[in-house]
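# Structure at a glance
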Amino acid sequence: MHSTSIRQLLEHRWLVVVLALIVTGLGATTAALLFRSGLDGLGRWRIHMLELGPRWLVLPAIGGGGGLLAGSLVQLLSPTAQGSGIPQVMQFLRRQPIPMGFQVGAVKLVAGIVAIGSGFPLGPSGPSVQMGSSVGWEMARLLRAPNAFRRLIVAAGGGAGIAAVFRAPIGGFLYTLEELLQGARPVVMLLVLVTTFWADTWADLLGLARLVNLEPESNLGGSPSTFQLQRQVLTFVVVRPIDLLWLLLLGILVAIAAELYCRYVVELQRLRLRWRIPLAGAMTATGGLLGLVDAWLPPDFINRAGIRQAVAEGNVDLAKALAIFLVVFLTTGMAAAAGTPGGLFAPMLTLGGALGLAAAAGVEQLGPSAPTTAVFAGMGAFMAASARAPISATFLTFTVTKDLLILRPVLVACLGSLVMARVLHRQSLFKRLMLPVPAGPGDGASSPAPIRLSSMPLRPRPEEKPGSETGHGTSRATDP
């Protein structure tokens, strides 16, 4: 990224830039926390609706109806809002013509809440990244900022979304550098750091104002009038030297499972695209099928957040851990491949945690004691192998416990997982999910060609001067 134009912008309009970063953090945080609160409310309503009739009828009806509504919203208003959202942000940062803006973020917010709340087993992470990046893009457009700063604030907005939804400013900062920007210069790192930490601060302030429920899944209580570092899980950590070797091997095992998961999701998506199934139709059918699966499963599987919490606390035995892994593996892959506007980080944590629990239970049945950090090491290792971001995975896993003692064990598992994942495939899941997104009525297409989108700056033609204006009257700076 060209830092010269960013420094010039800071020298001449530093106050405006700082305000833009603060507002970006506020917008990303508001969207992410509204997303979480909406999922919590609609999920409770879905469970309450089971009182009206048999599960085999109610759950498929809710899933199919939610899939139809969410898929139609995305298909008609903003096709770019389908899927996780992280691949789209990555494509934009690689200078591909991907629409950004408030409309994309708004459609992602509403459609994601409807889809996930009606039974699609995904999470808020990916949508929070795309919504935060859309807010950042709008702020850069209003500033008429050079393209280098536009890309920076888009990436920072995505990191702010991660920081808000996980309550992890360091995790959001590291994910922005590690995966979205893939390295950055000091001035860029500073601006991203400011944005992600402001996002976490805004989350605290919104919580104090009781505008959103910061911890809808937390059962640990606490005063609503104070800033808190809440723990999702209370842990007792003991790390022996032999445990580090055990966790390294666990990371390798988890990486193999993660690669199978990545290939499963990518292949299902390719089949959908090859068969040219409309998004609304794919989500309707998938929602109905997922509802039937939920009706067949034990009642406690319907509460996805409860399952995730039980895995994190280690309150499942070997058989149930394997059952959770199999169910989450199959259902989240189906939901993601259908183009559901939902994130994959939450399923990754559940899958990795279930594998860690299963491996620990299996070892203890043979006699030796397993590490107490196996479940968290599995969480981080699965995310590291799938997203290829081991440092981010370590710190995002840390947010589950807020216990610094798990950092070294989780990092060891993540590094082992990353090495094995790179042997199996060179690219992360999100890079493999990058596909051309056709322009729709809501994406602001300026011509029939599917890639010429007026809602983002395009590369200047060869005959144009570097300072010529494009798009919404913004001047394009030269990128390296």
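Residues numbered from 1 in each chain as written. Predicted model: local features only at pLDDT ≥ 70, side-chain atom pairs only at ≥ 80, totals over all residues. Heavy atoms only, no water.

With that out of the way, let us pick up the overall build of the protein chain. For the protein chain, the count of helices and strands is 17 helices and 2 strands. Split into buried and exposed, the 480 residues of the protein chain put 58% on the buried side. Long-range contacts, defined here as pairs at least 24 residues apart, represent 80% of the contacts in the protein chain between residues at least 6 apart. On the protein chain, roughly 19500 Å² of surface is accessible, and the fraction owed to carbon and sulfur atoms is 66%. (Helix = DSSP H or I, 4+ residues; strand = E, 2+ residues; numbered from the N terminus. Buried < 20%, exposed > 50% of the residue type's maximum accessible area, 1.4 Å probe, protein only. Contact = heavy atoms within 4.5 Å. Areas by Shrake-Rupley, 256 points an atom, 1.4 Å probe, with all protein chains shown as cover.)

Here we take up the nonpolar core. Membership of the largest hydrophobic core comes to 124 residues, with the highest contact counts inside it found for F149, Y175, L344, F345, F382 and F430. Per-element accounting of this core gives the leading share, 12 residues, to helix α9 (residues 241-274). Not counting residues up to four positions away in its chain, the partners in contact with Y175 are I86, M90, I162, L180, F345, A389, S392 and F430. Core analysis: the next-biggest nonpolar cluster, separate from the first, contains 7 residues, L50, V58, L59 and A295 among them. (Core = buried A, V, L, I, M, F, W, Y, C linked by side-chain atoms within 4.5 Å.)

It is at 7 Å that the axes of helix α6 (residues 147-166) and helix α7 (residues 169-180) come closest, and there the two elements cross at 140°. Our classification of the angle between α6 and α7 gives oblique. Seen along the crossing, α6 lies across α7 with a hand that is right-handed. Where α6 approaches α7, its residues A155, A156, G159, I162 and A163 are matched on the opposing element by P169, G171, G172, Y175, T176 and L180. (Axes fitted to C-alpha atoms, helices over the stretch in contact; angles between N-to-C directions. Parallel < 35°, antiparallel > 145°, perpendicular 65-115°, else oblique. Left-handed = near helix turned anticlockwise from the far one by under 90°.)

Every α-helix carries 3.6 residues per turn, so stepping three or four residues along brings you back to the same face. Between the first and last C-alpha of α9 there are 50 Å, a value that for 34 residues agrees with the 50 Å anticipated at 1.5 Å per step. Where α9 terminates, the next one or two residues include R276, which has phi positive at roughly 55°. (Expected span 1.5 Å × (residues − 1).)

Summarising the element assignment, R263 is placed in helix α9. A relative accessible area of 45% places R263 in the partly exposed class. Each C-alpha atom of the pair R263 and L429 lies 8.2 Å from the other, and the pair is 166 residues apart in sequence. With sequence-adjacent residues up to four places away left out, R263 is seen in contact with L424 and R432. Only 3.2 Å separates the side chain of R263 from the backbone oxygen of L424, close enough to count as a polar contact. (Polar contact = N/O pair within 3.5 Å; in protein donor to acceptor, adjacent residues only side chain to side chain.)

With that settled, consider the side chain of Q130. Mapped onto the fold, Q130 is located in helix α5 (residues 125-143). Polar side-chain contacts of Q130 include one of 3.1 Å to the backbone oxygen of T80. Side chain to side chain, Q130 and K108 meet in a polar contact 2.8 Å long. When sequence neighbours within four positions are dropped, the list of residues in contact with Q130 reads T80, A81, G85, Q88, V89, V104 and K108.

In this section: the side chain of T340. Along the chain, T340 falls in the loop between α12 (318-337) and α13 (345-366). At 2.7 Å, the side chain of T340 and the backbone oxygen of A335 are in polar contact. Dropping the residues within four chain positions of it, T340 is found in contact with G83, S84, A115, F120, L122, M283 and A335.

Within this structure, the stated rule accounts for 8 aromatic pairs. Judged by centre distance (5.3 Å) and plane angle (25°), the ring pair of Y264 and F329 falls under stacked. Separated by 65 residues along the polypeptide, Y264 in helix α9 and F329 in helix α12 bring together distant segments of the chain. Ring plane angle 70° and centroid distance 5.8 Å describe the contact between F345 and F430, whose orientation is recorded as edge-to-face. (Phe/Tyr/Trp six-rings, centres within 6.5 Å; stacked < 30°, edge-to-face > 60°.)

One pass over the structure, following the stated rule, counts 8 salt bridges. Note that E259 and R388 form a salt bridge whose closest N and O atoms lie 3.8 Å from each other. Placement of E259 in helix α9 and of R388 in the loop between α14 (374-387) and α15 (390-401) is noted, with a sequence separation of 129 residues between them. Residues E259 and R388 agree in their burial class; the two are buried. One continuous salt-bridge network, built from bridges that share partners, spans E259, R263, R388 and R432. (Salt bridge = Lys/Arg side-chain N within 4 Å of Asp/Glu carboxyl O.)

This brings us to the confidence of the model for the protein chain. Reading predicted coordinates in detail is not appropriate for stretches of low pLDDT. In the predicted model, the protein chain carries a mean pLDDT of 83, and 83% of its residues have values of at least 70. Low pLDDT (under 50) marks residues 216-228, which in the prediction has 22 contacts with non-local residues, meaning those over four places away or in another chain. This stretch, residues 444-480, has a pLDDT under 50; its non-local contacts, to residues over four places away or in other chains, come to 76 contacts. (pLDDT = per-residue confidence, 0-100.)

Before going further, it helps to examine helix α2 (residues 55-77). Here α2 spans 32 Å end to end across 23 residues, near enough to the 33 Å set by a 1.5 Å rise per residue. Along α2, the residues classified as buried are V58, L59, P60, I62, G63, G64, G66, G67, A70, G71 and V74.

With that settled, consider unusual backbone geometry. Although it is not a glycine, R95 sits at a positive phi angle of roughly 65°. Classification of R95 as partly exposed rests on a relative accessible area of 27%. With a phi angle near 55°, R276 is a residue other than glycine that sits in the positive phi range. If you trace the backbone, R276 turns up in the loop between α9 and α10 (279-296).

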